[in-house]
Structure formats: C-alpha cells, structure tokens
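# Chain and residue survey
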Amino acid sequence: MKQPGIAARRWGYIMPVVFITYSLAYVDRSNFSFASAAGINDDLGITKGMSSLLGALFFLGYFFFQIPGTIYAERRSVKKLIFWCLLLWGGFASLTGVVTDIPMLAVIRFALGVVEAAVMPAMLVYISNWFTKSERSRANTFLILGNPVTVLWMSVLSGYLIRSFGWREMFIFEGIPAVIWAIIWWFTVKDKPEEVSWLSSQEKKALAAQLEKEQKSIQPVGGYREAFRSRNVIVLCLQYFFWSIGVYGFVLWLPSILRDGKSMGMVEAGWLSSVPYLAATIAMILVSWASDKMQNRRVFVWPLLLVGALAFLGSWAVGTNYFWLSYSLLVAAAAAMYAPYGPFFAIIPEMLPKNVSGGAMALINSLGALGSFFGSWFVGMLNGNTGSPAASFIFMAVSLLVSAGLTLLVKPRQSEMKQKEVSLT
C-alpha cells in the first residue's frame, strides 16, 4: 500500500533505472554458460574441470569486494560507485571476447566479479533511500527481476549471436550496452529524494518523515561489528550461502544440462533455457506482492526453497529418458528458487537500522557469492566427471533443503512480535 502523501511516481522514475542497471550486470555474468556450451573450451584448450573453475571465478572476485564497495555507497554515493562499475564491467565483458589463453580468461573473469561486487547491495541501499517498509519487497523484486528477465532474453539472443557470429562476438556485443548505460545513469540518477526536482517539497517531507518513523521502530545497533555478530545476520549469511549454491549451479550450467539431456542446437537450447526464467519472473512478482500485503517475510521464503529442492529431486528421479517431464520440473525449480528474493532482502533493513543495514546486506550477499562460486564450480565439475546432471540435481536439492531449514531459525523482529502480542490481546 502507498503511504498517504508519498508520491507514487517514484516507481516510474526510480525502478526502470534500477531494473535496467541490474539487468546489464546479469548479461555479463551468465553468458559464460553459453560460451561453454558453444566451443570456448575447445578453442582455448580448456578441460571440463578447468571450465567449471573459470565459470566460478567471477564469484570469487565478487566475494572479496562486496563490503568495501557497499560501505562507500552507504556513506558516500551510490551514483558514483555504479557509474564506474558500469564502465568497467562493460569493458571487461567485451574483453572476454578477445582472450587468447586460459590465464587471460581467468584474470578477466575474476576482475569482472570484482567490479560487479558492490552492485546489488549498493542498489538495495539506494532502494532503502526511496521506498518505505510497505513497498520494499516489491521494490527489491523489481531490482532482482533483472536476473531472470535478463537471462530469459539473453538466452535467446546469445543463441542467435553464437550461431550467426561465434562466442567471441557474443561477449563483445553484449558488453557494449553497459558502457552506454553508464552515461545515461550519470545524468539520470540522484542519490537521495531531496536532490531531485520532480518531487514537491511536501512529497519530500512526507517520504522523509515515514522513513524516519520506521527507523525509530528498529532497535539501535552501535556499528558494523555488532551487526555482523548478531544471530540473525549469521543465520542469514549461512542461509544465503546454501541458497546461492542451488541458484547459480542452475544458472551457469542450464544450457549444458539441456544439451546433454537432448540433442539440440544452440538456438533451441537458448529458447528452452529462457522458459524457467519466464516462470521465475511471474513467481517473483506474485510473491513480492503477497509479502508486502501480509508483512510476513519468512513464510514467503522457506516453503518456496523447499519446493525448489523437491523439484530438483523429482527431475533427478525422472532422469533423461523422460526429458520433457524432467525439464518441466527444472522450470518449477527455477520459479521456486527465484520467487523469495524480494521478501528475503526486505528482512535486513526491517531488522537493522540504516547505519548498518547496507553493510549487513553486503556481508550476506558476499556469503551468497561464495555459495555461488562453490555451486557453479562443483555443479560443473559433477556434470563433467559423471557425464550426467543427476548428481548435481541431488547436490542442488540438498543445498536448498539446508537453506529452507536455516530460514526457520531467523527470529522475528521485535516490532513483529509486539504486533502479534497486540493482536492476541
């Protein structure tokens, strides 16, 4: 629901920019899966084990530079940070298309992770400056929709680019938009509501008053050390680590899994790879709306992760002999894994005050990056060593089961508990 006096047009000004920016980040981190399925390994002499490590190196760079970048965004400027990130990741992404050996590819994959590291937590900080508690799950979802929506169209586009030109040209063409968008971002974005001209003074005051009121309901935290040591933050770090194993084991190797299960060309693999992300997009929108309406975040996280785990187990049980049934279960797994993102990232700013919430989100996201590194590397290794995705399906299912269980250990916020006590009396 919209707070009285708070301008609804914030959505039209802020969210398209947020969505496009995060979408471009996902082009450059997930198109490596198409190059792996299209011949980069043969051209550069990459073994199957090395291929899984190279695909995962992005997340290692992503892990190390989350917190410093986010602290800069929180204390200084999201606008400046994202501008330089856009320029650098677009450049590194295009450079991937001119690599001539494995060491050069490894350096570029790691560097790409470094320059994209702070993007997601910085954008979450940005959203927290503009949207209230009753809007936050939906706002977060519009950000994270950049993931499945981008992989949806990128899967189709990459298939056609590879067929028409090759994997090198795919990387070069798909890196250029980020550089162009950096210029648009610089002239479009302002860090805080008080800096824009399209809100009236009354609207700025109403938004600031509501955000300040929400901060008063959150227990103060002295600094990052205290926040990082809190029980809920530690549990959420572990939860997101295991969740990310399932998500990125799936994202990075889906085209290869499909081609191993059924003989097909790159264009057909691209179209089939896009369908799970269409299902994920629809699920994310519905779940974020319900989460904001009910203001109960956990109940929209752990049940869906459980469904994702069961879908992976079902796909494993069905096997490649029943390709279309197995594929349908993978579509269900994707929808269930992606749907909880909006509610999940609404938990942290509602649990911790503004002075530490950005850093906590960065810490949690960095553990997710570590899970992404491990998941994408280990799933690729399992697929390469066994010649089948069966073992990786079990691995991803177990990871999601652990993540669902850990979500149940997150304690409700004090304000939630008070609301429950009031309703009981």
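Residues numbered from 1 in each chain as written. Predicted model: local features only at pLDDT ≥ 70, side-chain atom pairs only at ≥ 80, totals over all residues. Heavy atoms only, no water.

## Quick notes on empty space enclosed by the protein
Gaps between atoms show up when a probe of the same size as a water molecule is rolled over them. Using the criterion set out here, one finds two cavities of 30 Å³ or more in the structure. A volume near 70 Å³ is recorded for the largest cavity. Lining the largest cavity we find 13 residues, and of these Tyr 62, Tyr 240, Tyr 248, Asn 365 and Ser 372 sit closest to its centre. For the lining of the largest cavity, the elements supplying multiple residues, two or more each, are α1 (10–30), α4 (48–64), α14 (231–261) and α19 (354–386). Among the elements that make up the lining of the largest cavity, the one with the highest residue count is α19 (four residues). (1 Å grid on protein atoms, 1.4 Å probe; cavity = no way out; pocket = protein on both sides within 12 Å on 5 of 7 lines; lining within 4 Å. Points joined across faces, edges and corners; volume = space filled by probe spheres on them. Helix = DSSP H or I, 4+ residues; strand = E, 2+ residues; numbered from the N terminus.)

## Here we look at the nonpolar core
Ranked by size, the top nonpolar core spans 120 residues in total, and within it Trp 89, Trp 185 and Phe 312 carry the most contacts. Counting residues per element, this core draws most heavily on α14, which supplies eleven residues. Residue contacts for Trp 185: discarding those within four places in its chain leaves Val 17, Thr 21, Val 78, Lys 79, Ile 82, Phe 83, Leu 86 and Met 123. Counting six residues, the second largest nonpolar core, distinct from the first, contains Val 287, Ala 290, Phe 300 and Ala 339. (Core = buried A, V, L, I, M, F, W, Y, C linked by side-chain atoms within 4.5 Å. Buried < 20%, exposed > 50% of the residue type's maximum accessible area, 1.4 Å probe, protein only. Contact = heavy atoms within 4.5 Å.)

## A closer look at the confidence of the model for the protein chain
When pLDDT is averaged along the protein chain, the result is 83, and 91% of the positions lie at 70 or above. When the criterion is pLDDT under 50, residues 415–425 qualifies, and its contacts beyond four places in sequence or with other chains add up to five contacts. (pLDDT = per-residue confidence, 0-100.)

## A look at the pattern of salt bridges
The full count for this structure, using the stated rule, is six salt bridges. Across the pair Arg 9 and Glu 203 runs a salt bridge whose closest N-O atoms are separated by 2.6 Å. Residue Arg 9 is found in the segment before α1, and its partner Glu 203 is found in helix α12 (residues 201–216); the two are separated by 194 residues along the sequence. The exposure class of Arg 9 is partly exposed, given its relative accessible area of 36%. (Salt bridge = Lys/Arg side-chain N within 4 Å of Asp/Glu carboxyl O.)

## Focus: the side chain of Ser 77
Within the secondary structure layout, Ser 77 lies in the loop between α5 (66–75) and α6 (78–95). Looking at Ser 77, the relative accessible area reads 7%, which means it is buried. Polar contacts involving the side chain of Ser 77 include one to the main-chain amide nitrogen of Lys 80, which spans 3.1 Å. Among residues more than four places away in sequence, those in contact with Ser 77 are Tyr 72 and Asp 191. (Polar contact = N/O pair within 3.5 Å; in protein donor to acceptor, adjacent residues only side chain to side chain.)

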